[in-house]
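# Summary of the model geometry
The primary structure of each chain is shown beneath.
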Amino acid sequence: MPFPDLADRLAEVRGRIADAARRGAGQQVTLVAVTKTHGAEAVRAVHALGARDVGENKVQEALPKMDEAAVPVRWHLIGHLQRNKAKAVERFALVHSIDSLRLADAVSNVGAALGRRIPVLVQVNVSGEETKGGFSPADLAAGVERIVAMKGLDVRGVMTMAPFDAPERTLRGVFTGARGALETLRGGGLPDARELSMGMSGDYEIAVEEGATIVRLGTVLFGARGT
Ligand SMILES: *Cc1c(COP(=O)(O)O)cnc(C)c1O
């Protein structure tokens, strides 16, 4: 069987998430199993263990894997989406990576053409790292009115990535900043936005303590990714 420790790892992670949520706001937390670089067998393996949310960072990797895995899971797009691939959003349950007004517009147009609203999160770059995409908190505040007006989007909240291996104080600062960005959305005309997608293998317990409602976990479930 591929991923022999997966059942134990998943059980341990679920326990740690529940404990962290108790230390946090007592919130419900959705675990997105990030299967990027792994084959469809990783999707089938987590599905068999009860996971129902799977994350991929590239459209061109995700679409064939969806067909090959052929199990009923919700697919999350967690990586940067090029505008010329925006049509693919129709295959995802949630797009975490709306990182510019131009992409928001392109995805909204896809929704409008389909006659529905595409569920999305707005990606925020709290730390200001140049290698990370997303709205700065100030750009989000300036753009929220335009986002709210987009008829083909169902904006459910915010996604962020913290710097890798940063000290705890820095991580908490980033996650607090993401909560602030969620308040920007809520106060800007999206009072029902409530999702905070934050927390990866190295920082998910801190993220949940800081209010994460969605964590995106790869390495801690499947082991290190090959290069
Ligand atoms: C790869 C990836 C993850 C998962 O990272 P791990 O450290 O392996 O848990 C989470 N979020 C995004 C956006 C990713 O690209």
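This text follows the structure it describes.
The notes below deal with the structure included here. (Residues numbered from 1 in each chain as written. Predicted model: local features only at pLDDT ≥ 70, side-chain atom pairs only at ≥ 80, totals over all residues. Heavy atoms only, no water.)

## With respect to the site of the ligand
Note the threshold: If even one non-hydrogen atom of a residue comes within 4 Å of a molecule or strand, that residue is called near it. As used in this structure description, the phrase polar contact means that two N or O atoms lie within 3.5 Å; if the pair is within protein, one of them must be able to donate a hydrogen and the other to accept it, and residues adjacent in sequence are counted only when both atoms belong to side chains. Surface exposure here means Shrake-Rupley accessible area, sampled with a 1.4 Å probe, where a residue is shielded only by the protein chains that are shown. Amino acid classes used here: Ala, Val, Leu, Ile, Met, Phe, Trp, Tyr, Cys and Pro are nonpolar; Asp, Glu, Lys and Arg are charged; the rest, including Gly, are polar.
Inspection of the region around the ligand gives V34, K36, I78, M161, M200, S201, R216, L217, G218, T219 and R225 as its neighbouring residues. S201 is positioned such that a nitrogen or oxygen atom in its side chain is 2.5 Å from an oxygen atom of the ligand. G218 places a polar main-chain atom, nitrogen or oxygen, 2.8 Å from an oxygen atom of the ligand. Protein burial of the ligand: of its 390 Å² of free accessible surface, 92% is covered by the chains. Each residue belonging to the shell around the ligand can be placed in one class, and the counts come to 5 nonpolar, 3 polar and 3 charged.

## Considerations on helix α2 (residues 40–48)
Where we set the bar: Under the scheme applied here, a residue whose accessible area is under 20% of the maximum for its type counts as buried, over 50% as exposed, and between as partly exposed, the area being computed with a 1.4 Å probe on protein chains only. Runs of E in the DSSP output that reach at least two residues are strands. Runs of H or I that reach at least four are helices, and both are numbered from the N terminus. Residue contacts follow a heavy-atom distance rule, with two residues in contact if any of their heavy atoms lie within 4.5 Å.
What α2 keeps buried is the set A40, A42, V43, A45, V46 and H47. In this structure, the buried residues of α2 make contact with α1 (6–23), β1 (30–34), β2 (53–56), α3 (59–69), β3 (74–77) and α8 (219–222). Immediately downstream of α2, the backbone of G50 shows phi near 100°, a positive value.

## Focus: the pairing of strand β5 (residues 118–124)
Regular strands show a simple pattern: their side chains alternate between the two faces of the sheet. For the record, the criterion: Think of it this way: DSSP has to see at least two bridges between two strands before they count as a pair. With the strands pointing away from the viewer, any crossover whose connection runs clockwise from the first strand over the helix to the second is right-handed.
Summarising burial for β5: 7 of the 7 residues are buried, a large majority. A two-sided burial pattern is seen for β5, the buried positions comprising I118, V120, V122 and V124 on one face and P119, L121 and Q123 on the other. The pairing of strand β4 (residues 94–98) with β5 spans 2 bridges and is classified as parallel. Residue pairing across strands places I98 opposite V122, the latter belonging to β5. After leaving β4, the chain enters helix α4 (residues 101–114) and then returns to the sheet as β5, a path that is right-handed. Two elements, β5 and strand β6 (residues 153–160), share 7 bridges in a ladder whose sense is parallel. Opposite P119, over in β6, you have D154 as the bridge partner. Traced from β5 through helix α5 (residues 137–148) to β6, the parallel crossover comes out right-handed.

## Focus on the packing of aromatic side chains
This is how the line gets drawn: Pairing of aromatic rings covers Phe, Tyr and Trp, the last through its six-membered ring, and needs centres within 6.5 Å; plane angles under 30 degrees mean stacked, over 60 mean edge-to-face, and all others mean tilted.
Under the defined criterion, the tally for this structure stands at 1 aromatic pair. Measuring from centroid to centroid gives 5.2 Å for F3 and F222, while their planes differ by 70°, and the two rings are edge-to-face. One end of the pair, F3, is in the segment before α1; the other, F222, is in helix α8, with 219 residues separating them in the sequence. Assigned by exposure class, F3 and F222 land together as buried.

## Some remarks on the packing of α2 against α3
We apply this condition: A fitted line through C-alpha atoms serves as each axis, taken over the contacting stretch for helices, and the angle formed by two N-to-C directions is quoted from 0 to 180°. Working definition: roughly parallel below 35 degrees, roughly antiparallel above 145 degrees, roughly perpendicular at 65 to 115 degrees, and oblique for all remaining angles. The hand of a helix crossing depends on one turn: near helix anticlockwise from the far one by less than a right angle means left-handed, and clockwise means right-handed.
Relative to each other, α2 and α3 sit at 55°, their axes nearing to 9 Å. What the angle tells us is that α2 and α3 run oblique. Seen along the crossing, α2 lies across α3 with a hand that is right-handed. On the side of α2, the interface is formed by A40, V43 and R44, while α3 contributes K65, E68 and A69.

## Here we look at the nonpolar core
Basically, it comes down to this: Nonpolar cores are built from buried Ala, Val, Leu, Ile, Met, Phe, Trp, Tyr and Cys residues. Side-chain atoms within 4.5 Å join them into one set.
Formed by 70 residues in total, the largest nonpolar core has its most connected members in L31, V107, L185 and L221. By residue number, the principal contributor to this core is helix α6 (residues 168–187), which donates 7 residues. Other than its neighbours up to four places away in sequence, L185 contacts V122, L140, V144, V155, G157, V158, L190 and A193. Counting residues in each nonpolar core, the second largest holds 5 residues, with V32, L94, M159 and I214 among its members.

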